[in-house]
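# Overview (structure and organization)
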Amino acid sequence: MKKLKYALFTGCTAKQSTPEQMMSTMAVARKLDIEMIELTEASCCGASHLQDYDDFLSLVLNARNIAYAEKHGLTMVTICNTCQLNTAMTKHRLDNNADLKAKVNEKLAEIGLEYKGTSNVIHFLYAIIDDFGLDKIKEMVVKPLSQFNIAPFYGCHNIRPSELHNESHKTKENPYNPTSLDDLIIACGAKNVDYEEKNKCCGFHVELQAPHTAAVLTGNAIAGATDQNADMMVTPCPLCHLKLDTQTKHASEAIGREVSLPVLHMQQMVGLALGCTPAELGLQHHVTDVNFI
Amino acid sequence: MSTNTITTQKVNFKVFRFNADNDYLPYYENYTMDVTSEEVVLDILNRIKWDHDGSFSYRRSCRHGICGACAIKVNGRSTLACKESMTTMIEYFGNEITLEPLSTKRAIKDMIIDKADFWEKHASVTPYLVADIDECPSCENLVSPHDAEELNEADLCIQCGACHYACPAVEINSDFFGPAAFAAAYRFEADVRDNDANRLSYVNEEKQGVWDCVKCYECAEVCPKDINPIDKITKLHQMAFKKGVAKNNVATRHAVGFLHSIKKHGLLDEGGLVLYSEGPSIVKHIPVALQMFKKGKIVMPWNMPKSDKLDEIQKLIKSSSTVKF
C-alpha cells in the first residue's frame with residue numbers, strides 16, 4: 001500500500017485543553033506509518049459559534065484553511081468533530097455555489113490564496129477505517145483490549161447532518177445506528193457496548209449559556225454507558241471528551257446520580273492496542289483517571 | 001430481474017399502548033407482519049388497527065405529507081408515518097421495529113399525544129405576518145422571487161412536531177421554544193413585508209431562545225420536509241447581530257469572543273473565551289479549571305500558541321467582516 005499522507009488540521013483544543021489528543025494522534029500516525037503535514041497556518045474553524053455571528057467571515061477563514069491543504073495537494077484530516085463539521089460544511093457550500101465561491105476567493109486573493117475545492121475533508125476516524133483499513137489495524141494489534149467493555153460515544157458533528165457525512169466519507173454512517181466506532185473497538189480486541197446515548201449530544205456547545213442542559217446531557221451519556229456495563233468510553237471528538245472527562249461533578253449533580261467513567265480519545269484506544277505506552281498517549285492528562293491500563 | 005419487484009419480509013413490531021383513561025402504566029404489544037417494500041409506516045399503523053386491534057389509536061389525515069398529523073417515533077427516531085417507507089426503516093433498524101408516540105411522556109392514547117406544549121410555543125413566536133397592509137389594497141403586495149428565496153423554504157413547515165420532540169434541549173429545558181417554533185419565527189422575520197418589532201428579540205432571549213440550541217443537528221436529520229431547522233436557528237442568531245437586537249450576555253459574548261480570539265491568536269484562546277463570555281462569573285469555573293490545570297490542560301496566557309501567518313488571518317478579518325457588535 002502506498003504510504004498515506006494527510007494535511008492535519010489540529011483544531012484549537014489539541015494545542016490547549018486536550019494535549020493528549022495531539023500526542024495520541026501523532027503516536028498512532030507513527031505506528032501506522034501515516035505522514036501528517038500539520039497545517040500550522042490554520043485558524044480556528046469558528047466552532048459553529050463564529051458562524052452564529054458572522055457567516056461570511058467564517059466561510060472565508062475556513063476556506064483559507066482548506067486552501068492550505070490544497071496547496072499541499074493533500075486530503076485534510078481533522079481530529080475534532082466540530083472542526084470536521086465546519087470545514088466540511090464550508091466545502092459543501094462553496095462547491096455548490098459558484099457565486100459564493102467567487103466572493104470568498106475575491107477575499108482570499110488579497111493574501112494570494114485560492115479555494116479550488118480539490119481537497120477532501122475527512123475525520124481521522126474515517127481515515128483509519130477507510131484509507132488504512134480495519135483489517136490491517138486488526139493484524140497490527142499487539143495488546144488486544146480484550147478485558148474491556150468500551151462504550152462508543154460518536155459525537156453529533158461526525159454523524160449529523162448525514163448528507164454532509166456521506167459526502168465527505170467513504171463509510172456511510174447511519175445516524176441512528178452508527179457502527180464505525182463500534183467496529184474500531186472490536187478491531188482493537190475490546191467488546192463494544194451498545195447504549196441509547198451513543199449517538200446523542202454531550203451538551204458541550206451550551207456549557208456557558210445553558211449549563212444545566214449541558215450537564216444533564218453529559219450525565220445521561222455517562223449513566224447510559226455505565227448501565228450497560230461499560231468500563232470506559234471512547235470518542236473521536238475532543239469537545240465531547242472535555243465534557244465527559246472534566247465535567248463529571250456538574251453532570252452528577254444535574255442528574256442526581258454519581259457518574260464517572262474513564263474516557264479515551266479514539267486515537268488513544270487505537271494506540272493502546274498497537275502497543276503505545278500510556279505516557280506516549282497522554283493518559284496522564286485526563287481529569288477522570290485512566291489508571292487501570 | 002426488474003428492480004421494481006415488490007419484496008416481502010417479516011418484521012416484528014413492538015407497539016406502545018396506553019390509554020390515559022384506564023391504564024396506570026403504558027405497555028407494549030407485539031405484532032409480527034409481512035411487510036412489503038412498497039409500504040410506508042402509516043400502512044403498518046392502519047394494518048394494526050384494521051387487522052389486529054380496532055382500539056389502536058393514532059392521528060392521520062391527508063396521507064400525503066402535508067397535514068403533519070401522523071408523526072410518531074420509529075425506534076426513537078421522529079418519523080412522519082405517511083412519508084417514511086418501511087424499507088428505509090428496516091435498512092436503519094433491522095427487523096425489530098418499535099413504534100412509539102412522539103413523546104411517551106405526553107401520551108394520551110397509543111400514538112396520540114397532547115401536543116399543547118408544541119402549539120403554545122409555536123403560537124408564542126407570533127407565527128404570522130405583521131404588516132401595515134391595507135385591508136382593501138388596490139394592488140397586490142408582491143414579493144419578488146429573490147425576496148421569496150430568503151425564506152429558505154421555512155414556509156414549507158407542516159408543524160408535525162418531528163423536530164420538536166427530537167430536540168434534546170426541549171426535553172430538558174421546558175422553556176426552550178424548540179426548532180419548529182424557531183423555523184416559524186424565521187419564516188416571518190425573513191419576509192420582506194413583515195415589520196413585527198418584538199419577535200426577533202423574543203426568540204433571542206436567554207433560556208427560551210435560540211441561544212440554548214445545543215447544535216446537535218437532530219432537527220435537521222428528522223425533518224420530513226427537509227427544512228433544516230438548525231439552519232434557521234443559525235440565521236436567527238445572525239439576524240440578531242445584524243439588526244442590533246442581540247443583547248450583551250454570556251451567549252452573545254460566547255459567539256463574538258471567537259472573533260476576538262481569532263484576531264489575536266488565529267486560534268481560539270479557550271481561557272480567554274470563557275473570561276470574555278462570563279466576565280466576573282468566571283469564578284464558578286475555577287474548581288474545574290484547577291483540576292484541569294493539575295493535569296496540564298490549561299495553557300497560560302503567555303504561552304498561548306498562535307497560528308503561523310497570523311497577519312493573513314488579521315487581514316481577512318478586516319476585509320471580510322460583515323457584522324459589528
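Residues numbered from 1 in each chain as written. Chains lettered and ligands numbered in written order. Predicted model: local features only at pLDDT ≥ 70, side-chain atom pairs only at ≥ 80, totals over all residues. Heavy atoms only, no water.

All chains considered together, the criterion is met by 13 aromatic pairs over all chains. With centroids separated by 5.7 Å and ring planes inclined at 80°, the aromatic side chains of Phe 16 of chain B and Tyr 28 of chain B adopt a geometry described as edge-to-face. Of this pair, Phe 16 of chain B sits in strand 1 (residues 8-17) while Tyr 28 of chain B sits in strand 2 (residues 27-36); the two residues are 12 residues apart in sequence, bridging distant segments of the chain. With 6.0 Å between their ring centres and 65° between their planes, Phe 177 of chain B and Phe 182 of chain B make a pair best called edge-to-face. Pair check on accessibility: Phe 177 of chain B and Phe 182 of chain B agree, each one buried. Chaining the aromatic ring pairs together yields one cluster made of Tyr 53 of chain A together with Trp 211, Phe 241 and Phe 325 of chain B. Its end group placed over the ring of Phe 132 of chain A, Lys 136 of chain A keeps NZ or CZ at 4.5 Å from the ring centre. The ring of Tyr 28 of chain B carries the charged tip of Lys 14 of chain B above its face, separated from the ring centre by 4.9 Å. (Phe/Tyr/Trp six-rings, centres within 6.5 Å; stacked < 30°, edge-to-face > 60°. Helix = DSSP H or I, 4+ residues; strand = E, 2+ residues; numbered from the N terminus. Buried < 20%, exposed > 50% of the residue type's maximum accessible area, 1.4 Å probe, protein only. Lys NZ or Arg CZ within 6 Å of the ring centre and 35° of its normal.)

Formed by 150 residues in total, the largest nonpolar core has its most connected members in Met 233 of chain A together with Phe 13 and Leu 99 of chain B. For Leu 99 of chain B, the contacting residues outside a window of four places in its chain are Phe 13, Lys 14, Val 15, Phe 16, Val 41, Ile 44, Leu 45, Ile 48, Ile 72, Lys 73, Val 74 and Met 111 of chain B. One finds Ala 14, Met 36, Phe 132 and Leu 264 of chain A within the second-largest nonpolar core, a separate group that totals 48 residues. (Core = buried A, V, L, I, M, F, W, Y, C linked by side-chain atoms within 4.5 Å. Contact = heavy atoms within 4.5 Å.)

All names here are of chain A. Taken together, four strands build an open sheet; the order of strands is 6-5-7-8 and the sheet is parallel. On the outer flanks of this sheet lie strand 6 (191-192) and strand 8 (263-265), each paired with one strand and no other. Pairing geometry for strand 5 (residues 149-152) and strand 7 (residues 232-235), over three bridges, is parallel. Across the sheet, residue Ile 150 finds its bridge partner in strand 7, namely Met 232. Across the sheet, helix 9 (residues 180-187) is in contact with strand 5, strand 6 and strand 7; its angle to strand 5 comes to roughly 160°. (Pairing = 2+ DSSP bridges. Axes fitted to C-alpha atoms, helices over the stretch in contact; angles between N-to-C directions.)

Residues and elements named next belong to chain A. Spatially, 2-1-3-4 is the arrangement adopted by the four strands of the open sheet, whose pairing is parallel. Pairing within the sheet leaves two strands with one partner each, and these edge strands are strand 2 (35-38) and strand 4 (121-123). Averaged over all neighbouring strand pairs, the angle between strand axes comes to 40°, with direction disregarded. The sheet contact formed by strand 1 (residues 5-9) and strand 3 (residues 76-78) spans three bridges and is parallel. The partner of Phe 9 across the bridge, within strand 3, is Thr 78. Contacting strand 1, strand 2, strand 3 and strand 4, helix 6 (residues 124-140) crosses the sheet at an angle of about 90° to strand 4.

Together, Val 283, Ile 286 and Leu 290 of chain B make up a nonpolar patch on the protein surface, roughly 280 Å² of accessible area in all. Mapping Val 283 of chain B onto the fold places it in the loop between helix 11 (270-278) and helix 12 (286-294). (Patch = residues over 30% accessible without salt bridge, like charges linked within 9 Å, V, L, I, M, F, W, Y side chains within 5 Å. Areas by Shrake-Rupley, 256 points an atom, 1.4 Å probe, with all protein chains shown as cover. Salt bridge = Lys/Arg side-chain N within 4 Å of Asp/Glu carboxyl O.)

A few words on the environment of Tyr 31 of chain B. Residue and element names in this part refer to chain B. Position of Tyr 31 relative to the elements: it lies in strand 2. For Tyr 31, a relative accessible area of 7% gives the class buried. With 66 residues separating them along the chain, Tyr 31 and Ile 97 place their C-alpha atoms 10.0 Å apart. Within the structure, the side chain of Tyr 31 is placed 3.1 Å from the side chain of Arg 17, a separation counted as a polar contact. (Polar contact = N/O pair within 3.5 Å; in protein donor to acceptor, adjacent residues only side chain to side chain.)

All names here are of chain B. Within the secondary structure layout, Lys 232 lies in helix 9 (residues 229-242). For Lys 232, the side chain forms a polar contact with the main-chain oxygen of Asn 152, separated by 3.1 Å. Residue contacts for Lys 232: discarding those within four places in its chain leaves Leu 151, Asn 152, Ala 154, Ala 183, Tyr 186 and Ile 227.

Residue and element names in this part refer to chain B. Counted under the stated rule, the structure contains 34 salt bridges over all chains. For Arg 187, the salt bridge is made with Asp 191, and the minimal N-O distance between the two is 3.1 Å. Within this structure, Arg 17, Glu 29, Asp 53, Lys 109 and Asp 110 form a network of salt bridges that share partners.

Each assigned domain of chain B is listed here: domain 1 (9-113), domain 2 (116-132 + 144-242) and domain 3 (250-320). Each of domain 2 of chain B and domain 3 of chain B has a C-alpha centre, and the two are 30 Å apart. (Domains from an automatic or database assignment.)

Okay, the interface of chain B and chain A next. The accessible area lost on association of the parts is a frequent measure of interface size. Taken residue by residue, the interface counts 63 residues in chain B and 68 residues in chain A. The tally of links from chain B across to chain A stands at five salt bridges. In this assembly, chain B and chain A are joined by 34 residue pairs in polar contact (both at pLDDT 80 or more). Counting only elements with at least two residues in the side of chain B that touches chain A, the list comes to helix 2 (86-93), helix 5 (168-172), helix 8 (218-222), helix 9, helix 10 (250-265), helix 11, helix 12 and helix 13 (310-320) of chain B. If you tally residues by element for the side of chain B that touches chain A, the top one is helix 10 of chain B, at eight residues.

Between Arg 160 of chain A and Pro 161 of chain A the backbone carries a cis peptide bond, its omega angle lying at -10°. Assignment of secondary structure puts Pro 161 of chain A in the loop between helix 7 (156-159) and helix 8 (162-168). In this structure, Lys 207 of chain B is a non-glycine residue whose phi angle is positive, near 70°. Among the structural elements, Lys 207 of chain B can be located in the loop between helix 7 (199-202) and helix 8.

All names here are of chain A. Side chains of strand 7 alternate between two faces, with Met 232 and Val 234 and Met 233 and Thr 235 buried alike. Alignment of strand 7 against strand 8, held across three bridges, turns out to be parallel. Residue pairing for strand 8: Met 233 is matched across the bridge by Val 263.

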